[in-house]
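# Descriptive analysis of the structure
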Amino acid sequence: MSIISKGGRRSLKVRLIFTGIYTILIAGTITMVYPFLLMLSSSVTSAFDFDDLRIVPEYLANDDALVKKHLYAKYGIENFRHLGIIYRRDADWSIWGTVRGEKNFIRKNYMDIAKRYERYSKQCLQELADWNEFKKTLPAQDVAAFFPNDYDDYRNFLKKKYSGKSGFSNKSDAIARLNNRWQRAFNNFAEILPLRSFLTEQQWFPPRRPDFDDLLAYQRQLPAERIKVIPTRLLWALYLEKRFVNISKFAKQTGIEVKQFSDVPIPAENNRSLYPVWLDFLLKKYPLRLVRINGDYENVTAPEDPIKRRQWLDFVLTKVPVEKWQLNRPLDLYRSFLCDKHKNIAALNNAYAGNYKSFNEIELPLKLADYVEFAENKSNIRWAFFTENYKKVIGFLITKGRAIWVTIFLVGLTILGALTVNPLAAYALSRGKQSTSAKILIFFLVTMAFPAEVAMIPGFLLLRELNLLNTFGALVLPGLANAYSIFLLKGFFDSVPKELYEAADIDGAGELTKFWRITFPMSKPILAVIALNAFVLSYGGFMWAFLTCQDPNMWTIMVWLYDFQSCYAAEPGMCMAAFTLSSIPTLLVFLFCQKIIMQGIVIPTMK
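Quick look at the structure, then.

For the protein, the helix and strand inventory stands at 29 helices and 4 strands. Over its C-alpha trace the protein gives a radius of gyration of 35 Å, far above what one expects of a compact globule, namely 25 Å for 607 residues. Based on the C-alpha atoms only, the size of the protein along its principal axes is roughly 115 × 70 × 45 Å. Looking at the 607 residues of the protein, the share that counts as buried comes to 40%.

Spelled out as structure tokens, the structure:
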């Protein structure tokens, strides 16, 4: 029967009270649900869009957001200026934030390419097939890799290489082989980061070291789609940007009006205002590993020996006129490759649906490659972004060997102990002499007055003296008895009708029988609460587990997730994915225990 009658509900005052109550309840629900939904949505984002704080990430429904996110992953933060120059947007794009906020991104940057691809998709795919075939002909030392932050692919390559011919060698053996060859001291493959290739530096040459040899071997086996070519026009624009700082100063000194440095062409010899700048660029910035000297000189390319190479570099820069330099520009090599493959420009125009007059009009299809890759794999890219964080978290935990099993064993022992020691202690206090029980209970409750951290140091010292560190005993024994649980259970046991125990005494039942047959079955709701608390404390306990078990073989999931967050601190989305995954077991246990709690408390009350 309702507390308020139907007539009373028609009152304006009652309606206002109801409205206020429901408004408060809805507001409270929002304050609980909204942060949870933000955590879920953030767990499928990256550093690029983590700060958007949307309930539904924009890239799931918006192609503009998806292609920008894809370019961020493909080029990386360190190559942002490269992207701006390649897309002829270096004057507009100052940071990735400006790219992220740009509206109609596809229409602004790919409109002509999209129309051509829609009309001549087969020919565009043929052009990219030739481009990818050409990239595989370039030396590994002269190219970089797209997706520079995808360290896992590089690490997996090293694991496979150093795991022996069978590929099933022990991981510790594999990292030991790598350390022996590289002369390093890595504890595991997760600590390894790819070496940097300074492809834009003038006098940089790949060092002759085992670790760099492995990097070049990794780049050789990359699929062509992941190989990044550094065009000379990019180096030229970077040089102009550094020398003139702004485009107005460039126009004042050269008399050439352009919008941005990427619009400045590579000059011909008859360009009196710009050609001297080009010669200065070659002498000061052009990578000398891409330079050949014509046949009048003894060494046409740089020697491999570092000492001889140093002499060769000094000789080239001080003695050889720039006119004698032969530049191995990627664009020239690409044009030569197409000429050899298609023989004449008519055949190439037929294959590409183009209207080139000569091979010298051909440019590197860098933007076309980006757009077609996105258009052809849009669904896969979206799904990859949606699942990437969770795959990495799960893969990280699976590779940590005993993490899952240690946690399961720990939780099982803790719950079993909590459901055994605490009920027995509470039953003894409830059935024992009340004056003595009260004193003992007060002593238990005093321990609750101090934070758990206070007991960590003496607890650690005691376990060390007992030689229990790095064992399950260190994880389980300190938490077997819990003052709050004993207090809660004693109060419940005191409420059990004494007539039940008197009837059991008449039947000749012992204390253990009375506990197991009468008290324990009636205590399921309270035991469910205790089991839930024991699970939360053991499963979510990080500090104690890390303090008492320094051996990684005894680390729990929470300790490994802390290590995961340290490895991926720059990727907050992955940390959110780790939090989400780690909360699932707690949610499932809570739902299971909630059913028992509701059945034991709410239903009897309603009756």
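This brings us to the packing of aromatic side chains. Applying the stated criterion across every chain yields a total of 42 aromatic pairs. The interplanar angle of 70° and the centroid separation of 6.1 Å between the aromatic rings of Tyr59 and Phe385 together place this pair among those described as edge-to-face. With Tyr59 in the loop between helix H2 (12-42) and helix H3 (63-75) and Phe385 in helix H18 (residues 378-398), the pair connects residues that are 326 residues apart, well separated along the chain. Here the two residues Tyr59 and Phe385 agree in accessibility, since each one is buried. Centre to centre, the rings of Phe542 and Tyr562 are 4.8 Å apart; their planes meet at 35°, and the pair counts as tilted.

Pairing is possible between side chains of opposite charge, provided their charged atoms come close. Considering all chains together, one arrives at 32 salt bridges under this definition. Linking Lys392 and Glu388 is a salt bridge whose minimum nitrogen-to-oxygen distance equals 3.6 Å. With a gap of 4 residues between them, Lys392 and Glu388 both fall in helix H18, about one helical turn apart. Note on Glu388: relative accessible area 30%, which makes it partly exposed.

Among the residues making up helix H16 (residues 345-352), those that are buried are Ile345, Leu348, Asn349 and Tyr352. Taken down its axis, H16 places every buried residue within 100° of arc, on the same side. In this structure, H16 carries Ala346 and Asn350 as exposed residues pointing more than 90 degrees from its buried face. Its side-chain oxygen at 3.2 Å from the backbone nitrogen of Ala346, Asn344 defines the N-terminal cap of H16. Positive backbone phi, at 55°, marks Ala353, one or two positions downstream of H16.

The next point concerns the environment of Asp142. Within the element layout of this structure, Asp142 appears in the loop between helix H7 (121-135) and strand E1 (143-145). Asp142 sits in the buried class, given a relative accessible area of 18%. Discounting residues that sit within four places of it in the chain, Asp142 has contacts with Leu199, Arg289 and Leu290.

Within the element layout of this structure, Arg155 appears in helix H8 (residues 151-162). Reaching out from Arg155, the side chain makes a polar contact with the backbone oxygen of Phe189 at a distance of 3.4 Å. The residues contacting Arg155, other than those within four sequence positions of it, are Phe189, Ala190, Ile192, Leu193 and Tyr568.

Secondary-structure assignment places Arg335 in helix H15 (residues 330-342). Assessed through its relative accessible area of 13%, Arg335 is described here as buried. One polar contact links the side chain of Arg335 to the main-chain carbonyl oxygen of Asn360, over a distance of 2.8 Å. In contact with Arg335, other than residues within four places in its own chain, are Arg329, Phe359, Asn360, Glu361, Ile362 and Glu363.

Helix-helix packing is described using two parameters, namely the angle between the two axes and the distance between the axes. Across the interface, helix H6 (residues 105-119) lies against helix H17 (residues 366-376) with an axial gap of 10 Å and an inter-helix angle of 80°. Looking at the two axes, H6 sits roughly perpendicular to H17. When H6 is examined against H17, the residues Ile106, Asn109, Tyr110, Ile113, Ala114, Arg116 and Tyr117 are found in contact with a partner set consisting of Lys367, Leu368, Asp370, Tyr371, Val372, Phe374, Ala375 and Glu376. For the contact of H6 with H17, the class distribution of residues is 10 nonpolar, 1 polar and 4 charged.

The next point concerns unusual backbone geometry. Here Asn104, not a glycine, exhibits a phi torsion of approximately 50°, which is positive. Tracing the chain through its elements places Asn104 in the loop between helix H5 (96-100) and H6. Positive phi, normally seen in glycine, also occurs at Ala353, with a value near 55°. In this structure, Ala353 sits in the loop between H16 and H17.

Right, let's get into the environment of Lys498. Among the structural elements, Lys498 can be located in helix H24 (residues 498-506). Taking the C-alpha atoms as reference points, Lys498 and Tyr275, 223 residues apart in sequence, are found 105 Å from one another.

The subject of this paragraph is the environment of Ala474. For Ala474, the location among the structural elements is in helix H22 (residues 472-476). Along the primary structure Ala474 and Lys391 are separated by 83 residues, whereas in three dimensions their C-alpha atoms are 32 Å apart. Setting aside residues up to four positions removed in sequence, Ala474 forms contacts with Leu463, Leu468, Leu469, Trp544 and Thr548.

About the criteria used
Residues numbered from 1 in each chain as written. Predicted model: local features only at pLDDT ≥ 70, side-chain atom pairs only at ≥ 80, totals over all residues. Heavy atoms only, no water. Helix = DSSP H or I, 4+ residues; strand = E, 2+ residues; numbered from the N terminus. Rg over C-alpha atoms; globule rule 2.2 N^0.38 Å. Buried < 20%, exposed > 50% of the residue type's maximum accessible area, 1.4 Å probe, protein only. Phe/Tyr/Trp six-rings, centres within 6.5 Å; stacked < 30°, edge-to-face > 60°. Salt bridge = Lys/Arg side-chain N within 4 Å of Asp/Glu carboxyl O. Arc of directions from axis to C-beta. Polar contact = N/O pair within 3.5 Å; in protein donor to acceptor, adjacent residues only side chain to side chain. Contact = heavy atoms within 4.5 Å. Axes fitted to C-alpha atoms, helices over the stretch in contact; angles between N-to-C directions. Parallel < 35°, antiparallel > 145°, perpendicular 65-115°, else oblique. Nonpolar A, V, L, I, M, F, W, Y, C, P; charged D, E, K, R; others polar.

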